[in-house]
Amino acid sequence: MKPFAYVRPERTEEAIDRFAAQPGARFLAGGTNLVDLMKLGVAGPPLLIDINGLPLDAVEETAAGGLHIGATARNSDVAAHPLVRVRYPALSQALLAGASPQLRNAATTGGNLLQRTRCPYFQDASKPCNKRAPGSGCPAREGVHRDLAVLGHSAHCVATHPSDMAVALAALDAEVRLRGPAGERTVPVAEFHRLPGDRPDRDTVIEDGELITGVTLPAPPSGARGAYRKARDRASYAFALASVAAVLTVEDGRIGHAALAFGGLAHKPWRAHAAEEVLRGAPATAETYRRAADAELAAAEPLRDNGFKVPLARNLAVSVLHDLASRTDTTG
Amino acid sequence: MEPVDRTAPAGETPEGAPEAVSTLTLRVNGTARTLTVDNRTTLLDALRDHLDLTGSKKGCDHGQCGACTVLLDGRRVNSCLLLAVVCAGASVTTVEGLSDGDRLHPVQEAFVARDALQCGYCTPGQICSAVALLHEAADGQPSYVTPPERSPDGPVSLTPEEIRERMSGNICRCGAYPNIVDAIEEAAR
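In this text, all values refer to a predicted model and were calculated from it rather than measured experimentally. (Residues numbered from 1 in each chain as written. Chains lettered and ligands numbered in written order. Predicted model: local features only at pLDDT ≥ 70, side-chain atom pairs only at ≥ 80, totals over all residues. Heavy atoms only, no water.)

**Observations concerning the overall build of chain B**
Now for step 1: Across its full length, chain B carries five helices and five strands.
Now for step 2: Mapped in sequence order, the helices and strands of chain B form the string β-β-α-β-β-β-α-α-α-α.
Now for step 3: Scaling as 2.2 N^0.38, a compact globule of 189 residues should have a C-alpha radius of gyration of about 16 Å, and chain B matches this with 18 Å.
Now for step 4: The dimensions of chain B, computed from C-alpha atoms along their principal axes, are 60 × 40 × 30 Å.
Now for step 5: The buried share of chain B, taken over its 189 residues, is 49%.
Now for step 6: Considering only contacts in chain B between residues 6 or more positions apart, those separated by 24 or more positions represent 53%.
Now for step 7: Element-wise, carbon and sulfur atoms account for 49% of the exposed surface of chain B, whose accessible area totals about 8600 Å².
Now for step 8: Once the 16 positive and 26 negative side-chain charges of chain B are each reduced to a mean point, those two points are 3 Å apart. (Helix = DSSP H or I, 4+ residues; strand = E, 2+ residues; numbered from the N terminus. Rg over C-alpha atoms; globule rule 2.2 N^0.38 Å. Buried < 20%, exposed > 50% of the residue type's maximum accessible area, 1.4 Å probe, protein only. Contact = heavy atoms within 4.5 Å. Areas by Shrake-Rupley, 256 points an atom, 1.4 Å probe, with all protein chains shown as cover. Lys, Arg positive; Asp, Glu negative; His and termini not counted. Charge placed at Lys NZ, Arg CZ, Asp CG, Glu CD.)

Right under this line is the structure:
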C-alpha cells in the first residue's frame, strides 16, 4: 500500500475543501472496498479524507412522506430500519442480500453506490484493464467473464456493477444527493451509474470533488409491494449472477405501478423500462411477466461464457413479479 | 456503554501538511491503549503487531473470510479492512476480551461443548461473530432469510437457517459448520 495522509474533518464544507486542495485525494467512509483496493495496488490516494465524522448518518422521513438516508448510514442500520423494512422492503432485502454482516456494519450508503467492479482483471494490477488503466485493453472479453455483463457492455469493458442496494434504489426511483465545490445537485440513482462506452474508467456521473451526502426516496406508491431476489453461486455471501428488484401494484387483476430493475447484468443497475411498458395496464398473469422480461432481455448480448444469465434473469423476474402480484391484488 | 473519547488523531505537522503517521487511542478489551501507527496500519495489524493481541487472525486479509472479526463499539467488523486510524477513540473487543477472568463466555463454552472447530484458526473470528449475532437477533435485526412480512419488533428466533445465513461472513476451511451451528443454537438458548 502506498503511504497516505489522513484527515478527519467534522464539517462537510471542510471535507470538500480538503478534497479540492489535494489532487488524487479520496473520501473514506466504511472503507470495505477502498481499503481493499489500496491493498491490491488498484487505488493509491495521497490523502484520505475520513467522512465518518460528518453529520451524514441519519435515516429520516422527508416532508413529502419519503425517506432520506445519509451517505454514512451503515448498510446494516438501513436494512434494519423499521421504515425501510415496512415501506421499502426491496431495499431492506437488497441490503441484506449483499456482503456479510461484518461488512454491512462498516459499509455505507454512499460507499455502496461508489464501489468498484469485482471484475478479476480490474482487481489485478498486473493485468491490462481499460477501467483501471485506460487504453490497456480488456482481457475479460475473451477471458474469464462468466460473472460479467450481458447488457450495455462495450468493446472496451464488460464489467458489472456489483451493488445489490443500488438495484433496489433504481427500482424505487431514489435520487443521489451530491455536494461539491459548485454546490448541490441531485441525480436519479438509475442515471447515476454510466454504461462503459469508451470511458469505462468512469463508473458514475459524479464529478471530481463531489461528495455523496445521501439518497432520497419518494413515498412508495399506495398499495405497492416490493421485493428483491438474487441468484448467486452459493447460498449467501456472494455477488449476484443476476438479481431483480421490483415494485408493483395490482388492482382488479391488472398491473398499475410497475418498476423493475436488474442487477448483475450490466455496468449499472439496469432499470427495465421496456419491461415496465409491457407490465403497466396489462393483466397480472405469468404470460405478461414473461413477455415483459423478454422485451427487456431482447437487447442482451451474452459473452462466450455468460449466456446463462439471460434465462436466469428472465426466470427471476417472472417469479418475483408473480409472487408480488399474488400478494398485492387489492381484489384478492 | 461509557462515552468514548473521539480525540482526533495527530495527523498534522506544525506547517499544516498532513503526515503519513498518526497517534491514536483505542479502548481495547476495556483498557485505553495509545499507539502511533503508520496510517496504512489496519486495526487487525494494530491489535496483533502493536498490542500483542494475536487472538484475532489474519486469514485472507481482504474481508472475505471473517477470521479477523472483532467487535467495534459492540458491532462485528472485519478488522483487516478497517484502518486503525479510523477507529481512534473507539472500543474494541477481541476474543481475548470475551471471558470473565477464567470463566469462558457462553459462546466459548458452547464451542468447546459442541466441538465446533478442527484446526481452530477461524475460531476466534467465529466466536466474536457469534457473540454479535446473538445481540443482533435479540435486537430484532433481520437477515436475508427472515420473512420480510415479519413485524420489525421483537427478537428473531435463531433457527439453523438463520444461524447459517448470519454466520456466512465466517469461512471455516475445515468444514466444522454443522457443529458451529449447533454451538450457536446452544448458546442462544
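**Side note on the interface of chain A and chain B**
Now for step 1: With 43 residues of chain A in contact, the opposing surface of chain B contributes 43 residues.
Now for step 2: Carbon and sulfur atoms supply 55% of the area buried between chain A and chain B, which totals about 3500 Å² over both sides.
Now for step 3: On the chain A side of the interface with chain B, the three residues burying the most area are A:Tyr6, A:Arg85 and A:Gln102, jointly 21% of the side's total.
Now for step 4: Linking A:Asp77 and B:Arg75 is a salt bridge whose minimum nitrogen-to-oxygen distance equals 3.0 Å.
Now for step 5: Counting across the interface, chain A meets chain B through 17 residue pairs in polar contact (both at pLDDT 80 or more). (Buried area = accessible area lost by both parts, 1.4 Å probe. Salt bridge = Lys/Arg side-chain N within 4 Å of Asp/Glu carboxyl O. Polar contact = N/O pair within 3.5 Å; in protein donor to acceptor, adjacent residues only side chain to side chain.)

**Some points on the environment of A:His257**
Now for step 1: By the element assignment, A:His257 lies in strand 11 (residues 254-263).
Now for step 2: Not counting chain neighbours up to four residues away, the residues in contact with A:His257 comprise A:Asp173, A:Pro221, A:Val247, A:Leu248 and A:Thr249.

**What to know about the domain arrangement of chain A**
Where interface size is given, it is often the accessible area lost as the parts come together that is meant.
Now for step 1: Structurally, chain A comprises domain 1 (1-55) and domain 2 (225-328).
Now for step 2: Averaged C-alpha coordinates put domain 1 of chain A and domain 2 of chain A at centres separated by 37 Å. (Domains from an automatic or database assignment.)

**Brief notes about the sheet that holds strand 2 (residues 26-28) of chain A**
Strand pairing in a sheet is mediated by backbone hydrogen bonds. Such pairs are either parallel or antiparallel.
Residue and element names in this part refer to chain A.
Now for step 1: What the three strands build is an open sheet, ordered 1-3-2; its pairing is parallel. Across the chains shown, the open sheet's two edge strands, defined by having one partner strand only, are strand 1 (5-7) and strand 2. Looking at each pair of strands side by side, their axes are set apart by 30 degrees on average, direction ignored.
Now for step 2: Bridging between strand 1 and strand 3 (residues 47-50) involves three bridges; their strand directions are parallel. Opposite Tyr 6, over in strand 3, you have Leu 48 as the bridge partner. (Pairing = 2+ DSSP bridges. Axes fitted to C-alpha atoms, helices over the stretch in contact; angles between N-to-C directions.)

**What to know about the sheet that holds strand 7 (residues 183-188) of chain A**
All names here are of chain A.
Now for step 1: With antiparallel pairing, five strands are arranged side by side in an open sheet as 4-5-8-6-7. Of all the strands in the sheet, the pair left with one neighbour each is strand 4 (59-61) and strand 7. Along the sheet, successive strands turn relative to each other by an average axial angle of 25 degrees, direction set aside.
Now for step 2: Both strand 6 (residues 175-180) and strand 7 contribute to a ladder of six bridges, which runs antiparallel. By the bridge assignment for strand 7, Val 176 is matched with Val 187.
Now for step 3: Strands strand 6 and strand 8 (211-217) of the sheet are contacted by helix 1 (residues 12-21), whose axis makes an angle of about 70 degrees with strand 6.

**Here's the deal with the pairing of strand 4 (residues 75-78) of chain B**
On a regular strand, one side chain projects to one face of the sheet and the next to the other, so that they alternate.
Now for step 1: Relative to strand 4 of chain B, strand 3 (residues 69-72) of chain B is paired through four bridges, and the arrangement is antiparallel. Directly across from B:Val70, in strand 4 of chain B, lies its bridge partner B:Val77.

**Notes on the side chain of A:Thr249**
Residue and element names in this part refer to chain A.
Now for step 1: Checked against the element boundaries, Thr 249 lands in strand 10 (residues 242-251).
Now for step 2: The class for Thr 249 is buried, based on a relative accessible area of 12%.
Now for step 3: Polar side-chain contacts of Thr 249 include one of 2.7 Å to the backbone nitrogen of His 257.
Now for step 4: Not counting residues within four places of it along the chain, the set of residues in contact with Thr 249 comprises Pro 221, Ser 222, Gly 223, Ala 224, Arg 254, Ile 255, Gly 256 and His 257.

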